[in-house]
Amino acid sequence: MASLSRKLITGFSLALLCFTTLSLPTISHASTPSTPTYKFEFDGNFTPTIGSATFGPSTACPAWSCITSGIFGTSSGDGYWQWAGASGNGPGLSLGSYSMSDTYTITIKFSVSYLTGYSRILNFNEGDIGLYLLSGHIDYYNYVSSTSPIYAANDIITMTLTRNPQYITLYTSDSTTSTTTQRFQYASGSIARVSPLSTLPFFTDDGGEFSPSGKVFSVSIWNDRALTSTEINSYLYTPLVPSFQFSNSVSSAVYRSVQALDMTMNLPGKSTYLVNGKKISGCSSISNSGSSGSYTSRCNWKPSLHGINLVKVVFTPTDTSFSPMIVSRNYIVSSRSGTR
């Protein structure tokens, strides 16, 4: 029979375990540039294709009471949800059950029928402040507006908004190219924050500034990163083909003299340099620097063996959907020509 003290200790331990288990927060998986945290394609339903967030009617428009119709359809094989006859606060489409930081990326493919006045796109519950279409221009009222392109009613727009502690940045497509281009950038300050919101309304406004009809084709959200323009266009259009190479053609070095081993690559990540199978001191997991598809890293190597030395570099991309890559080169290490 267990002693009273053992029973008390066991009971306390179980209670502590239960308390600890119940107190653990729900954490969303980390995204990569090529795999968002949440993705919706509206192929006949609101079910996410990635993640566990939800789309549905907002509390202001329960059971889609603010629209006369809401239907799913397809255009050139692309699914969409279409609303019509919106009144009150607008179509009431609202994102819920998500977890997002104040650094994020939201990509939307959509069209709206009304551009004469303000037509809300994203509503961060900042009163009148937010992202709109105004007379064909995309506008973050009342801070910054795009000068181009100028959209017409029912144009299909691919738009990406990114936010980090420094900036909010907007990228959109135009009718002539299959890419998105940066349209404006503004100090983020306290605007466009998603993290405090229990729901995030799309195309919905409590001041009647919304489009009475429109379509949404897809929504992709990265809850923890602000993508670069290269990453955005790689995700939306042409998948990025990783490249990784030595920056120059030098293949010789001098014994006990510093030789810079420079690498270039087109995506962010870390490089580890090895010579003859051993890591070079100070050259492990070096983060590259750069942006928009052009990144570099450097290892300062001081050869300690004469003759042929095999230098190998292992590059591990930040985007874990890409596998690590390896390049190598033989260096002929010669004696110094002079004295110390």
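Residues numbered from 1 in each chain as written. Predicted model: local features only at pLDDT ≥ 70, side-chain atom pairs only at ≥ 80, totals over all residues. Heavy atoms only, no water.

Visitor: Can you help me understand the sheet that holds strand E22 (residues 289-291) in this one?
Guide: Each strand in a sheet pairs with its neighbour through backbone hydrogen bonds, running either in the same direction (parallel) or in the opposite one (antiparallel). Strands sit in the order E16-E18-E23-E22 across an open sheet of four strands; the sheet is antiparallel. At either margin of the open sheet sits one strand with a lone partner, and together these are strand E16 (244-246) and E22. Between one strand axis and the next, the sheet turns through 20° on average, direction left out of account. Here three bridges tie E22 to strand E23 (residues 294-301), and the two strands are oriented antiparallel to one another. Looking at E23, one finds that Ser 291 is bridged to Ser 294. (Pairing = 2+ DSSP bridges. Helix = DSSP H or I, 4+ residues; strand = E, 2+ residues; numbered from the N terminus. Axes fitted to C-alpha atoms, helices over the stretch in contact; angles between N-to-C directions.)

Visitor: Honestly, the pattern of salt bridges in this entry has me stumped. Any pointers?
Guide: Between side chains of opposite charge, a pair can form when the charged atoms approach closely. Under the criterion given, the structure shown has six salt bridges. Of the charged contacts in the structure, one is a salt bridge between Asp 205 and Arg 120, with a shortest N-O distance of 2.6 Å. Taken together, the positions of Asp 205 in the loop between strand E14 (200-202) and strand E15 (214-222) and Arg 120 in strand E7 (residues 118-126) put the pair 85 residues apart, joining distant regions of the chain. Arg 120 shares its class with Asp 205; the two are buried. Between Asp 174 and Arg 183 there is a salt bridge; the shortest N-O distance is 3.8 Å. We classify Asp 174 as partly exposed; its relative accessible area is 26%. Residue classification places Arg 183 among the buried residues on the basis of a relative accessible area of 18%. (Salt bridge = Lys/Arg side-chain N within 4 Å of Asp/Glu carboxyl O. Buried < 20%, exposed > 50% of the residue type's maximum accessible area, 1.4 Å probe, protein only.)

Visitor: Explain the environment of Met 159 here, please?
Guide: Position of Met 159 relative to the elements: it lies in strand E11 (residues 157-163). Along the primary structure Met 159 and Ser 234 are separated by 75 residues, whereas in three dimensions their C-alpha atoms are 14 Å apart. Not counting residues up to four positions away in its chain, the partners in contact with Met 159 are Ile 106, Thr 107, Ile 108, Phe 110, Ile 121, Leu 122, Leu 131, Ile 138, Leu 170, Tyr 171 and Thr 172. (Contact = heavy atoms within 4.5 Å.)

Visitor: I keep staring at the pairing of strand E13 (residues 180-187) and nothing clicks. Help me out?
Guide: Looking down a regular strand, the side chains alternate between one sheet face and the other. Where strand E12 (residues 167-173) lies against E13, seven bridges are found, and the strand directions are antiparallel. Each bridged residue has a counterpart across the sheet, and for Tyr 171 the counterpart in E13 is Gln 182. Following E12, the chain reverses through six residues before pairing antiparallel with E13.

Visitor: I would appreciate a short explanation of the nonpolar core in the present structure.
Guide: A general feature of soluble globular proteins is that nonpolar side chains tend to end up buried together. Ranked by size, the top nonpolar core spans 46 residues in total, and within it Ile 108, Leu 122, Phe 124, Met 159, Phe 202 and Phe 203 carry the most contacts. In terms of residues, this core owes the most to one element, strand E6 (residues 104-112), which gives five residues. Once residues lying within four places of it in the same chain are set aside, the contact partners of Leu 122 are Ile 106, Ile 108, Gly 130, Leu 131, Met 159, Leu 161, Pro 201 and Phe 202. Formed by 22 residues, the second largest nonpolar core is a distinct cluster that contains Ile 286, Tyr 295, Val 313 and Met 325. (Core = buried A, V, L, I, M, F, W, Y, C linked by side-chain atoms within 4.5 Å.)

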